[in-house]
Amino acid sequence: MTLEAIKYHAGSLQILDQLLLPHKSHFVDIRCVEDGWKAIKTMQVRGAPAIAIVGCLSFAVELKKKKFETIQELTEFSNKSLNYLVTARPTAVNMSKSAKMLSAMLSSSKCDDVEELKQGIIDHIEDMLDKDIQDNKDLSNYAAEHIQSTCNKSNDGYTILTHCNTGFLATAGYGTALGVVRSLHKEGLLDHVYCTETRPYNQGARLTAYELVHDELPSTLIADSMVAVLMKTRKISAVVVGADRVAVNGDVANKIGTYQIAVLAKHHNVPFYVAAPVTCHDDIIQDGNDITIEERPADELTMVSGVRVAAKGINCWNPAFDVTPAKLITGGIATELGVFAADEVKQLKNQVKNGSKS
Ligand SMILES: CSC[C@@H](O)[C@@H](O)C(=O)COP(=O)(O)O
């Protein structure tokens, strides 16, 4: 049975509450933009593509119920809602790109029928679901081919290390970095996958491990602090991670801990890949230093599953993401348009502008 984290039918949205995983599968209703914003902020849904998809669908659900007298009224409501959704979490680019695209669609539309324009926006948002799954499959297949042509095999196939959660739970389906793992497995080429715990919020232990067990993939969980010894003592073919924002120069913001894994990969000569559909690429921010890094509440660090593990009174710093410089992304950046060297990812922006797909 395929995992399902987003249940959507015209006018109705439910999401799997990721705060309760892996212990409980419980879907919550998202009836409006405010519900969508809260679900993103509290991380009931997380992962860059899923944030944008659930944010936009929450807007679509509220839009469907609302009546507008004029196009101006529709436009004002839309811009206000979309701008609000962008404020829930700042690092991933996907929601802000979608918001800009939908606002531009409204402002450039020649349609003078409010209902028709409203439905056009809803249709466009609904298409995001299928498009994200197809993009993930395409980029995963490209990355799997690239790994086969450039990385070392271990035993009966390739051994991959991944970080955070980038699978069904972080996207509309299939996944990005975890999609690459799925594609290798489908081809009979996956020997093993290691997933990090991903402290402090444990997306690896709670969510990636859940997906790997669900799909019966050969897998092992490690603590984040074991990456160096893993690379030294076991044959790792490649590291594959996702992205929250890829800057124009190929620097990548992703889950905290990604940067240190990239440093270790460089030291141990392990190719380091980023799996990032075009929706994760920022066309404006030139380099990683200008990416806003979200800082999350201290209790995500001091508490584990509601139990305090840190001494009371200690100061905490909890950046949720870090930036891996392009020069450490030695394998490449996999997109639905192919695999790019990180310092050549600028070309991707031109291909997207020109509408080419190869
Ligand atoms: C396909 S998901 C890519 C990234 O969004 C993922 O690696 C990540 O950093 C998620 O962070 P999170 O804080 O759980 O939203």
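Residues numbered from 1 in each chain as written. Predicted model: local features only at pLDDT ≥ 70, side-chain atom pairs only at ≥ 80, totals over all residues. Heavy atoms only, no water.

Looking up the protein chain in an unreviewed UniProt entry gives the name Methylthioribose-1-phosphate isomerase, with the organism given as Phallusia mammillata. UniProt annotates the protein chain under Function (unreviewed entry) with the comment "Catalyzes the interconversion of methylthioribose-1-phosphate (MTR-1-P) into methylthioribulose-1-phosphate (MTRu-1-P)." (UniProt positions renumbered as here; feature names shortened; annotations may be inferred.)

**Student:** Lay out the site of the ligand in plain terms, naming residues and giving numbers.
**Tutor:** Taken together, 18 residues lie near the ligand, and Ala48, Arg89, Asp244, Asn254 and Lys255 sit nearest. A distance of 2.8 Å is found between an oxygen atom of the ligand and a side-chain nitrogen or oxygen belonging to Arg46. One nitrogen or oxygen atom from the main chain of Gly47 is found 2.9 Å from an oxygen atom belonging to the ligand. Contact with the protein chains removes 100% of the 410 Å² of surface that the ligand exposes when unbound. Where the shell around the ligand is concerned, the elements lending two or more residues are helix H2 (48-65) and strand S9 (252-255). (Near = heavy atom within 4 Å. Polar contact = N/O pair within 3.5 Å; in protein donor to acceptor, adjacent residues only side chain to side chain. Areas by Shrake-Rupley, 256 points an atom, 1.4 Å probe, with all protein chains shown as cover. Helix = DSSP H or I, 4+ residues; strand = E, 2+ residues; numbered from the N terminus.)

**Student:** So what about the sheet that holds strand S4 (residues 158-162)? Which residues, and what values?
**Tutor:** Pairing within the open sheet is mixed, and its seven strands lie in the order S6-S5-S4-S7-S10-S14-S15. Of all strands in the sheet, those with a lone pairing partner are strand S6 (219-222) and strand S15 (338-340), marking the two edges. For this sheet the average axis-to-axis angle between neighbouring strands, irrespective of direction, equals 25°. Taken together, the two bridges between S4 and strand S7 (residues 238-241) define a ladder with parallel strand orientation. Bridge pairing in S7 links Leu161 to Val239. Contacting S4, strand S5 (190-196), S7 and strand S10 (272-275), helix H6 (residues 177-186) crosses the sheet at an angle of about 165° to S4. (Pairing = 2+ DSSP bridges. Axes fitted to C-alpha atoms, helices over the stretch in contact; angles between N-to-C directions. Contact = heavy atoms within 4.5 Å.)

**Student:** I'd like to hear about the side chain of Asn165, residue by residue, with values.
**Tutor:** You can see Asn165 is positioned in the loop between S4 and H6. Overall, Asn165 belongs to the buried group, its relative accessible area being 3%. Reaching out from Asn165, the side chain makes a polar contact with the side chain of Thr208 at a distance of 3.3 Å. A polar contact is formed between the side chain of Asn165 and the side chain of Glu211, at a distance of 3.2 Å. (Buried < 20%, exposed > 50% of the residue type's maximum accessible area, 1.4 Å probe, protein only.)

**Student:** Run through the packing of helix H4 (residues 94-108) against helix H5 (residues 114-150), naming residues and quoting values.
**Tutor:** It is at 11 Å that the axes of H4 and H5 come closest, and there the two elements cross at 150°. When the axes of H4 and H5 are compared, the pair comes out roughly antiparallel. Regarding H4 and H5, the two cross each other, and that crossing is right-handed. Every residue of H5 that contacts H4 at Ser98, Met101, Leu102, Met105 and Leu106 is listed here: Leu117, Gly120, Ile121, His124, Ile125 and Met128. The class makeup of the residues in the contact of H4 with H5 is eight nonpolar, three polar and no charged. (Parallel < 35°, antiparallel > 145°, perpendicular 65-115°, else oblique. Left-handed = near helix turned anticlockwise from the far one by under 90°. Nonpolar A, V, L, I, M, F, W, Y, C, P; charged D, E, K, R; others polar.)

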